[in-house]
Amino acid sequence: MNAVGKGAGAMQSGASDSALIAIVAARSQYQRIHPEVPLTKLVIYTTTQTHSLGVKAGLVLGLPVRILEVKAEDNFSLRGETLRIALEEDEKLGMKPFVLVATVGTTSSGAIDNLPEIQKIVENHPDLWVHVDAAWAGVALSCPEYREKCHLKAINEFASSFCTNFHKWGLVNLDASALWVRNRKSLTEALNVTPPFLRTKHGDDETVDDYRNRHLGLSRRFRSLKLWFVLRSFGAEGFRKHIRKSISLSQIFVDCVAESDKLALVTSPSFAMSVFRLDPKRGPNQPAYSLETLNALNELLYRRLSSRHDILLTQTVLNGVFCIRMVVGATRTTPAHVQQAFELLEKEAELTLEAWEKK
Ligand SMILES: *Cc1c(COP(=O)(O)O)cnc(C)c1O
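Residues numbered from 1 in each chain as written. Predicted model: local features only at pLDDT ≥ 70, side-chain atom pairs only at ≥ 80, totals over all residues. Heavy atoms only, no water.

Caption draft 1: Here's a closer look at a nonpolar patch on the surface. There is a patch of nonpolar side chains on the surface, built from Val55, Leu59, Val60 and Ile67 and spanning about 390 Å² of accessible area. Broken down by element, the residue count for the nonpolar patch peaks at 3 residues, all from helix α2 (residues 53-61). Assignment of secondary structure puts Val60 in helix α2. On the accessibility criterion, Val60 (56% relative accessible area) is exposed. (Patch = residues over 30% accessible without salt bridge, like charges linked within 9 Å, V, L, I, M, F, W, Y side chains within 5 Å. Areas by Shrake-Rupley, 256 points an atom, 1.4 Å probe, with all protein chains shown as cover. Salt bridge = Lys/Arg side-chain N within 4 Å of Asp/Glu carboxyl O. Helix = DSSP H or I, 4+ residues; strand = E, 2+ residues; numbered from the N terminus. Buried < 20%, exposed > 50% of the residue type's maximum accessible area, 1.4 Å probe, protein only.)

Caption draft 2: Broad picture of the nonpolar core. Of all hydrophobic cores here, the largest spans 81 residues; its most connected members are Leu83, Leu100, Leu115, Trp169 and Phe271. When residues of this core are assigned to their parent elements, the largest contribution, 9 residues, is made by helix α8 (residues 223-259). Trp169 has contacts with Trp136, Ala137, Val139, Ala140, His242, Ile243, Ser246, Ile247, Phe271, Ala272, Val328 and Gly329, leaving out every residue within four places of it along the chain. Counting residues in each nonpolar core, the second largest holds 27 residues, with Val24, Leu42, Ala135 and Leu187 among its members. (Core = buried A, V, L, I, M, F, W, Y, C linked by side-chain atoms within 4.5 Å. Contact = heavy atoms within 4.5 Å.)

Caption draft 3: Spotlight on the pairing of strand β9 (residues 273-278). The buried fraction of β9 is high, at 6 of 6 residues. Burial along β9 is two-sided: Met273, Val275 and Arg277 and Ser274, Phe276 and Leu278, pointing in opposite directions, are all buried.

Caption draft 4: Here's a closer look at the site of the ligand. Neighbouring the ligand are 14 residues, the closest being Ala15, Ser16, Asp133, Asn165 and Lys168. At 2.8 Å from an oxygen atom of the ligand is found a side-chain nitrogen or oxygen belonging to Lys168. Burial of the ligand by the surrounding chains reaches 83%, relative to a free accessible area of 390 Å². (Near = heavy atom within 4 Å. Polar contact = N/O pair within 3.5 Å; in protein donor to acceptor, adjacent residues only side chain to side chain.)

Caption draft 5: A look at the state of the cysteines. On inspection of all chains with the given rule, the structure shows 0 disulfides. Between Cys143, a cysteine without a disulfide, and Cys150, which holds the nearest cysteine sulfur, the sulfur-to-sulfur distance is 9.3 Å. Residue class for Cys143 comes out buried when judged on its relative accessible area of 0%. Cysteine Cys323 remains unbridged, with the sulfur of Cys256 as its closest cysteine sulfur at 19 Å. Taking relative accessible area as the criterion, Cys323 reaches 0% and is therefore assigned buried. (Disulfide = S-S within 2.5 Å.)

Caption draft 6: Representation of the side chain of Arg223 within the structure. Along the chain, Arg223 turns up in helix α8. Here Arg223 falls in the buried class, since its relative accessible area comes to 13%. Among the polar contacts made by the side chain of Arg223, one reaches the main-chain carbonyl oxygen of Gln12 at a distance of 3.5 Å. In this structure Arg223 touches Met11, Gln12, Ser13, Asp175 and Ala176, once residues within four positions along its chain are discounted.

Caption draft 7: Highlighting the sheet that holds strand β2 (residues 42-47). Read from one edge to the other, the open sheet built from 7 strands follows the order β1-β7-β6-β5-β4-β2-β3, with strand pairing classed as mixed. The open sheet has two free edges, formed respectively by β1 (8-12) and β3 (65-68), since each of these has just one partner strand. When strand polarity is set aside, the average angle formed by the axes of neighbouring strands in this sheet is 20°. In this sheet, strand β7 (residues 177-181) lies alongside strand β6 (residues 161-165) in antiparallel orientation, the contact comprising 5 bridges. (Pairing = 2+ DSSP bridges. Axes fitted to C-alpha atoms, helices over the stretch in contact; angles between N-to-C directions.)

Caption draft 8: Just the pattern of salt bridges, in detail. Applying the stated rule across the entire model yields 24 salt bridges. Taking the shortest distance from any N to any O, the salt bridge between Glu145 and Arg244 comes out at 2.6 Å. Taken together, the residues span a long stretch of sequence, with Glu145 in the loop between β5 (129-133) and α5 (152-158) and Arg244 in helix α8 at a distance of 99 residues. By relative accessible area, Glu145 is classed as partly exposed at 42%. A cluster of three or more residues bridged by salt bridges with shared partners is formed by Glu145, Glu237, Arg240 and Arg244.

Caption draft 9: Representation of the packing of helix α1 (residues 15-33) against helix α6 (residues 184-191). Two numbers describe how α1 lies on α6: the axes approach to 8 Å, and their chain directions differ by 85°. The angle between α1 and α6 places the two elements in the roughly perpendicular class. Here Ile21, Val24, Ala25, Ser28, Gln29 and Arg32 of α1 come into contact with α6, specifically with Ser186, Leu187, Glu189, Ala190 and Leu191. When the residues that make up the contact of α1 with α6 are grouped by side-chain class, the tally is 6 nonpolar, 3 polar and 2 charged. (Parallel < 35°, antiparallel > 145°, perpendicular 65-115°, else oblique. Nonpolar A, V, L, I, M, F, W, Y, C, P; charged D, E, K, R; others polar.)

Caption draft 10: Layout of the environment of Phe322. Tracing the sequence through the fold places Phe322 in strand β11 (residues 321-327). Residues Phe322 and Leu278 lie 44 residues apart in sequence; the distance between their C-alpha atoms is 9.7 Å. Setting aside its immediate chain neighbours within four residues, Phe322 contacts Arg277, Asn295, Asn298, Glu299, Tyr302, Gln315, Thr316 and Val317.

Taken by themselves, the reported measurements are silent on function.
Below, the structure is given as structure tokens:
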């Protein structure tokens, strides 16, 4: 993203702040180019799988959010065609979509939006700022073998801003979210407010970069120092080793689920995350469970899991399907832990089915 040397970034408190700031920058840029467009016409684009930060940014900024649909058969990834149709519809209505929050590694299922297709559509809509939220999965870009899957080429070629959190899978304690924008001026032009008490000789001479103009707060928390220490102690290779280890541990779980006659994956595993549910194999003479029954069964299973203190998994709903998410990411996780988690889930699945039969 820095091919022309205009890019810059700043550490933020989280991906939500990063997205909010990117959207503020996108809005000011749009308003500078189109001063005639009233604010009431502006629209933020997200998908049904975008983190709630998209809707929250809309709330904070008082702007409408249009939530684009994604399909299970696309693994919940946003397709270029969906974006194209939405842009054309809004154009007819006189609305002005000015930013799209795309995701590399969605929260619910680790989906990756189809950035190469989105790039083609954006060629005809150069005013659309594309913010890439890679809060969780972005650190996988440290490994060359995951760069294609994460669409690094498209990100470098066309994304307007990019964010990844080092405080999730990136070994840094909360908080450390890295935001990068293609053109640093877009940030400072949106956020530069300089009262007399903040003026300095160096600021006036423009010989320093005032980072306070790259985020909301004025004070800075030395987050980069935490990241520096992590990189110094693990090294780039150690950092990659951590990512690769998480993914291979997750694969143990995926393989166990593939063998299970009770549990099944709901969508393709993504990096070190897999989304599964209780979906018992049925015999030839047994009728298949309906979606309602499976959802009820899984809610029951999830309630059982939540009351335990030796495992913590989160739930989600993917296009109407209730599911459970399993993620590996801690440094001390071993194959034995993953195996233990799977066995515990099998046992709880069995007890859930027993309880269900007795109802
Ligand atoms: C975790 C996550 C977020 C939220 O991150 P915060 O730093 O807590 O704001 C946003 N987007 C994605 C894809 C996430 O995984």
